[in-house]
Number of protein chains: 2
Amino acid sequence: MAGTGTNGTVTMNDVALEAGVSIKTVSNVVNDYPHIRPSTRAKVEEAIDKLGYRMNFSARHLRQGRTGIIGLALPELSLPYFAELADSVIRAAEARGIVVLIEQTSGGRQHELDVLTSDRRQLTDGLIFSPLELGPDDAQALKVDYPLVVLGERIFGGDWDHVTMNNVDAARAATQHLIDQGRRRIAVIGAHHGESMGSAALRMLGYQAALAANGIPLDTDLIIEGGLWHRQTGADSTAALLDSGVEVDAIFGLNDAMALGALRTLHARGIDVPGQIAVIGFDDIEDSQYSAPSLSTISPGREQIAETAVDLLLSRIAGDDEPFRRVITDYSVIARESTEA
Amino acid sequence: MAGTGTNGTVTMNDVALEAGVSIKTVSNVVNDYPHIRPSTRAKVEEAIDKLGYRMNFSARHLRQGRTGIIGLALPELSLPYFAELADSVIRAAEARGIVVLIEQTSGGRQHELDVLTSDRRQLTDGLIFSPLELGPDDAQALKVDYPLVVLGERIFGGDWDHVTMNNVDAARAATQHLIDQGRRRIAVIGAHHGESMGSAALRMLGYQAALAANGIPLDTDLIIEGGLWHRQTGADSTAALLDSGVEVDAIFGLNDAMALGALRTLHARGIDVPGQIAVIGFDDIEDSQYSAPSLSTISPGREQIAETAVDLLLSRIAGDDEPFRRVITDYSVIARESTEA
DNA sequence: CCGTGACTTTCTATCGATGTAAATCTACAG
DNA sequence: CTGTAGATTTACATCGATAGAAAGTCACGG
């Protein structure tokens, strides 16, 4: 830490003096400029080690106009799905030499809009955005002048890149899985009534498609509304469902958290899972493996989503001008105890 | 977005030209310098709005020598305890106008050491560090020349600030809670044999103290080792415990994840909780409320830890030279179904 | 011995904002 | 009408690194 500068900081200039070369040569060494005499490189590297020089990123960023930081805006980290998504995104970014600034938008629609124009955008080279509340009406707000990759299917077809899974097909597969186990009275929890483009609506479409394909009539008494997709919602919705007295032999939780909440209520009521009621979720969060019984679910390919999103964003930051892309990742049905035959 | 600069960016200089004042005056307005004529302020603000000016943080940071970013190093976000901790830290930081860069150190001891000297440190004004593997031998590595706040009790008394809960007392309280329910054969899962300063060791001390205080002999057959505190470890340890045939009427999981894993194994084996075996965890992660049965646990006061850590770090960044502090936060026993009378 | 082209290294301006100190402007007492 | 303290505003250097182009070096053919 033996700095030569006025304060404790060692700058490139200090290194240059120590090595007896110009500042630019030090910069060239640090940036792997190809035409440097090995002996010069050695001198510089020695000086760097000796002085303990570290790059001042603010200076580099100022000069280059980039920060090497990308933003990740998501509802909240305490929701396991998003925590795991953040984990994957950070790993993917790290592998590519950039860092991630996480912003939580838990406050609702306005908070989600704010994140798009926040001062923080000035600090990041681009944004990966996973909205929960925005709808088609907010499309205009997403027309921003910085690289943006949107996750999820809330808003289609705008002028931005999109990475998502096929919610409709995946939900159909989940429902089909229940039907294959002989279930016919399949309830859904977490529906959002007025919505047309969100995950809830899309997954409902898949549910309905599966019923139709199997000649099972749709019974609206089996569809339970539920705003926030938290465990408590799942627990409450299931209680309401059971209290309504309607016949049920399976529950499709539109996400794992709600399905886990459902398991909790079923357990409390002494209802056997999957004996009396089978349960399937959606997301494949880590918890689902460890619930009692373990939860069948849909794996959305989180790693793939994260890597794709990061790659896409980085290519935009690098100046890629191709037309906006929509990438659809793979899903798979994970059968566990809660739907065992 | 109507930039005046060469590229699309609007700088303070553009604003100054538009408003007919000097750059410095614009800077003064933006920074709330008190002696500005209201009319001047109005002109500048109007120009800012008109041009859509946004501060270039890299430039400010270069000049000020600070980045306004703090680092948060933790094992991994997919562990619920850390995801929730990160949530709290981000909120606390946001309330104070700074942003958080999360770094995952899941790779083990070396990865934890690396984070302390990483290039990223140059990008942050300080670090909140929650190590999982470092031990007393690594004390030297924690003597860094930037503001550092360490969470947890792995390493005591060094030259850095520390925020932690009282693991010993809290574990004693958890054990006492089981004893109060009439349990005498209390197993512990997640012990770390050779360790002396980590959470595992401290919680074991509390456990032993409670047994001693109640005249219950310590039976080493009831102590199950377990490296990583994941659910799987809890599930496996519990299976091993049951297979060993030793008499057990309660299990103390040294964290919630393991306790939840224990519940899973107990459920699989058809053992009634708490009828045959009571279970208590440690951490009070959100899941614990929703397991079946819901899990009794120790709440470590996560919000308080986060806020304290952020405040402490910020005061160090601001130049606070007081002696290093150790802050101990409050805990509480949360009694739920898994230990019901 | 000199010119030429391929390497290497250095010079100089700049990225955008802020600290310092000096320059201007009031407003009001003398 | 002048001086002066206090309020406002400005000029200028500077934070640390990088782009671009000029300037040196060097080996080699003519």
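Each remark here, short or long, concerns the structure printed above.
The rules behind these values
Residues numbered from 1 in each chain as written. Chains lettered and ligands numbered in written order. Predicted model: local features only at pLDDT ≥ 70, side-chain atom pairs only at ≥ 80, totals over all residues. Heavy atoms only, no water. Helix = DSSP H or I, 4+ residues; strand = E, 2+ residues; numbered from the N terminus. Rg over C-alpha atoms; globule rule 2.2 N^0.38 Å. Contact = heavy atoms within 4.5 Å. Areas by Shrake-Rupley, 256 points an atom, 1.4 Å probe, with all protein chains shown as cover. Lys, Arg positive; Asp, Glu negative; His and termini not counted. Charge placed at Lys NZ, Arg CZ, Asp CG, Glu CD. Near = heavy atom within 4 Å. Polar contact = N/O pair within 3.5 Å; in protein donor to acceptor, adjacent residues only side chain to side chain. Buried area = accessible area lost by both parts, 1.4 Å probe. Salt bridge = Lys/Arg side-chain N within 4 Å of Asp/Glu carboxyl O. Nonpolar A, V, L, I, M, F, W, Y, C, P; charged D, E, K, R; others polar. Pairing = 2+ DSSP bridges. Axes fitted to C-alpha atoms, helices over the stretch in contact; angles between N-to-C directions. Core = buried A, V, L, I, M, F, W, Y, C linked by side-chain atoms within 4.5 Å. Buried < 20%, exposed > 50% of the residue type's maximum accessible area, 1.4 Å probe, protein only. Patch = residues over 30% accessible without salt bridge, like charges linked within 9 Å, V, L, I, M, F, W, Y side chains within 5 Å. Least-squares fit on C-alpha atoms with pLDDT ≥ 70 in both. Parallel < 35°, antiparallel > 145°, perpendicular 65-115°, else oblique.

1. A word on the overall build of chain A
Reasoning step 1: Per the secondary structure count, chain A includes 11 helices and 12 strands.
Reasoning step 2: At 26 Å, chain A has a C-alpha radius of gyration far larger than the 20 Å of a compact globule built from 341 residues.
Reasoning step 3: If one aligns the C-alpha atoms of chain A with their principal axes, the spans along those axes are about 85 × 40 × 30 Å.
Reasoning step 4: Expressed as a percentage of contacts within chain A between residues at least 6 apart in sequence, the contacts between residues at least 24 apart total 68%.
Reasoning step 5: With the model as given, the accessible surface of chain A reaches about 14200 Å², and the carbon-plus-sulfur share is 48%.
Reasoning step 6: Charge-centre separation for chain A: the mean point of 29 positive side chains lies 7 Å from the mean point of 47 negative side chains.

2. Some thoughts on the protein's contact with DNA strand C
Reasoning step 1: Near DNA strand C, the surroundings consist of 26 residues, among which A:Thr25, A:Thr40, B:Met12, B:Tyr53 and B:Arg63 are the closest.
Reasoning step 2: Of all DNA strand C atoms lying within 4 Å of any protein atom, the proportion belonging to sugar or phosphate reaches 63%.
Reasoning step 3: One nitrogen or oxygen atom from the side chain of A:His35 is found 3.3 Å from a phosphate oxygen belonging to DNA strand C.
Reasoning step 4: Among the secondary structure elements, those contributing two or more residues to the surface near DNA strand C are α2 (23-30) and α4 (57-64) of chain A together with α2 (23-30) and α4 (57-64) of chain B.
Reasoning step 5: When residues in the surface near DNA strand C are grouped by element, the largest group, 4 residues, is from α4(B).

3. Some details on the interface of chain A and chain B
Reasoning step 1: Taken residue by residue, the interface counts 50 residues in chain A and 50 residues in chain B.
Reasoning step 2: Between chain A and chain B lies a buried interface of about 4600 Å² when both sides are counted; carbon and sulfur atoms form 53% of it.
Reasoning step 3: Where chain A packs against chain B, one counts 8 salt bridges.
Reasoning step 4: For B:Asp119, the salt bridge goes to A:Arg54, with nearest N and O atoms at 2.8 Å.
Reasoning step 5: Our enumeration of links across chain A and chain B arrives at 20 residue pairs in polar contact (both at pLDDT 80 or more).
Reasoning step 6: Looking at the side of chain A that touches chain B, the elements with two or more residues in it are α4, α5 (80-95), β2 (99-104), α6 (109-117), α9 (231-243) and α10 (256-268) of chain A.
Reasoning step 7: It is α5(A) that contributes the most residues to the side of chain A that touches chain B, 7 residues altogether.
Reasoning step 8: For the side of chain A that touches chain B, a count of residues per class yields 20 nonpolar, 16 polar and 14 charged.

4. Here's the deal with the sheet that holds strand β8 (residues 250-253) of chain B
All names here are of chain B.
Reasoning step 1: Sheet architecture is open: 4 strands sit in the order β7-β6-β8-β9, paired in parallel fashion. A strand with exactly one partner marks an edge of an open sheet, and here the two such strands are β7 (223-225) and β9 (278-280). Adjacent strand axes in the sheet meet at a mean angle of 20 degrees, parallel and antiparallel pairs treated alike.
Reasoning step 2: Pairing between β8 and β9: 3 bridges, direction parallel. Bridging from a neighbouring strand, Ile251 pairs with Val279 of β9.
Reasoning step 3: The strands touched by helix α7 (residues 167-180) are β6 (186-191), β8 and β9; relative to β8, the strand with the most contacts, the crossing angle is about 165 degrees.
Reasoning step 4: Against the sheet, helix α9 (residues 231-243) touches β6, β7 and β8, its axis set at about 135 degrees to β6.

5. Description of the nonpolar core
Reasoning step 1: Core analysis: the biggest nonpolar cluster contains 141 residues, and A:Ile102, A:Phe252, B:Ile102 and B:Phe252 have the highest contact counts within it.
Reasoning step 2: Apart from the residues lying within four places of it in its own chain, the contact partners of B:Phe252 are B:Ala171, B:Ala174, B:Thr175, B:Leu178, B:Ile186, B:Ala187, B:Val188, B:Ile189, B:Tyr207, B:Ile280, B:Gly281 and B:Phe282.
Reasoning step 3: If you look at the next biggest cluster of nonpolar residues, it comprises 39 residues, including A:Ala16, A:Ile48, A:Tyr53 and B:Val21.

6. As for the pattern of salt bridges
Oppositely charged side chains can pair when the atoms bearing their charge come close.
Reasoning step 1: If you walk through the whole model with that rule in mind, you get 40 salt bridges over all chains.
Reasoning step 2: Between B:Arg302 and B:Glu84 there is a salt bridge, and its shortest N-O distance comes to 2.8 Å. With B:Arg302 in helix α11 (residues 302-317) and B:Glu84 in helix α5 (residues 80-95), this residue pair connects regions lying 218 residues apart in the sequence. Across the pair, exposure class does not vary: B:Arg302 and B:Glu84 are buried alike.
Reasoning step 3: A cluster of three or more residues bridged by salt bridges with shared partners is formed by A:Asp161, A:Arg316, A:Asp320 and A:Arg325.

7. Remarks on a negative patch on the surface
Reasoning step 1: Residues A:Asp32, A:Glu45, A:Glu46 and A:Asp49 make up a contiguous surface patch of negative charge.
Reasoning step 2: Checked against the element boundaries, A:Asp49 lands in helix α3 (residues 38-51).

8. Comments concerning the relation of the copies chain A and chain B
Reasoning step 1: Superposition record for chain A on chain B: RMSD 0.1 Å, screw rotation 180 degrees, translation along axis 0.0 Å. These values place the two chain copies in the arrangement generated by a two-fold rotation axis.
Reasoning step 2: Looking at chain A, 100% of its interface residues are interface residues in chain B too, so the copies touch through the same face.

9. Digging into the packing of α2(A) against α3(A)
Think of two packed helices as two axes; the pair is described by the angle between the axes and how far apart they sit.
All names here are of chain A.
Reasoning step 1: The contact between α2 and α3 brings their axes to 10 Å, and the two run at 90 degrees. Put simply, α2 runs roughly perpendicular to α3. For the pair formed by α2 and α3, the contact residues are Thr25, Val26, Val29 and Val30 on the first element and Thr40, Arg41, Val44, Glu45 and Ile48 on the second.

10. Topic: the environment of B:Arg184
All names here are of chain B.
Reasoning step 1: Residue position: Arg184 is located in the loop between α7 and β6.
Reasoning step 2: We classify Arg184 as partly exposed; its relative accessible area is 43%.
Reasoning step 3: In this structure, the C-alpha to C-alpha distance between Arg184 and Ile216, residues 32 residues apart in sequence, is 7.0 Å.
Reasoning step 4: Filtering out sequence-adjacent residues up to four positions away, Arg184 remains in contact with Ile179, Ile216 and Asp249.

11. Topic: the sheet that holds strand β6 (residues 186-191) of chain A
Residues and elements named next belong to chain A.
Reasoning step 1: If you trace the 4 strands from one edge of the open sheet to the other, you get β7-β6-β8-β9, paired in parallel fashion. This sheet does not close on itself; its edge strands, each paired only once, are β7 (223-225) and β9 (278-280). For this sheet the average axis-to-axis angle between neighbouring strands, irrespective of direction, equals 20 degrees.
Reasoning step 2: With 3 bridges joining them, β6 and β7 adopt parallel strand pairing. Across the sheet, Ala191 pairs through a bridge with Glu225, a residue of β7.
Reasoning step 3: Across the sheet, α9 lies against β6, β7 and β8 (250-253), angled at about 135 degrees from β6, the strand it touches most.
Reasoning step 4: α10 rests against β6, β8 and β9 of the sheet, and its axis sits at about 160 degrees to β9.

12. Points about the protein's contact with DNA strand D
Reasoning step 1: Around DNA strand D, a shell composed of 26 residues is seen, among which A:Met12, A:Tyr53, A:Arg63, B:Thr25 and B:Thr40 lie nearest.
Reasoning step 2: The sugar-phosphate share of atoms of DNA strand D within 4 Å of the protein amounts to 64%.
Reasoning step 3: Residue A:Tyr53 places a side-chain N or O atom 2.4 Å away from a phosphate oxygen belonging to DNA strand D.
Reasoning step 4: Taking B:Thr40, its side chain carries an N or O atom lying 2.2 Å from a phosphate oxygen of DNA strand D.
Reasoning step 5: When residues in the surface near DNA strand D are grouped by element, the largest group, 4 residues, is from α4(A).
Reasoning step 6: Looking at side-chain class alone, the surface near DNA strand D contains 10 nonpolar, 9 polar and 7 charged residues.

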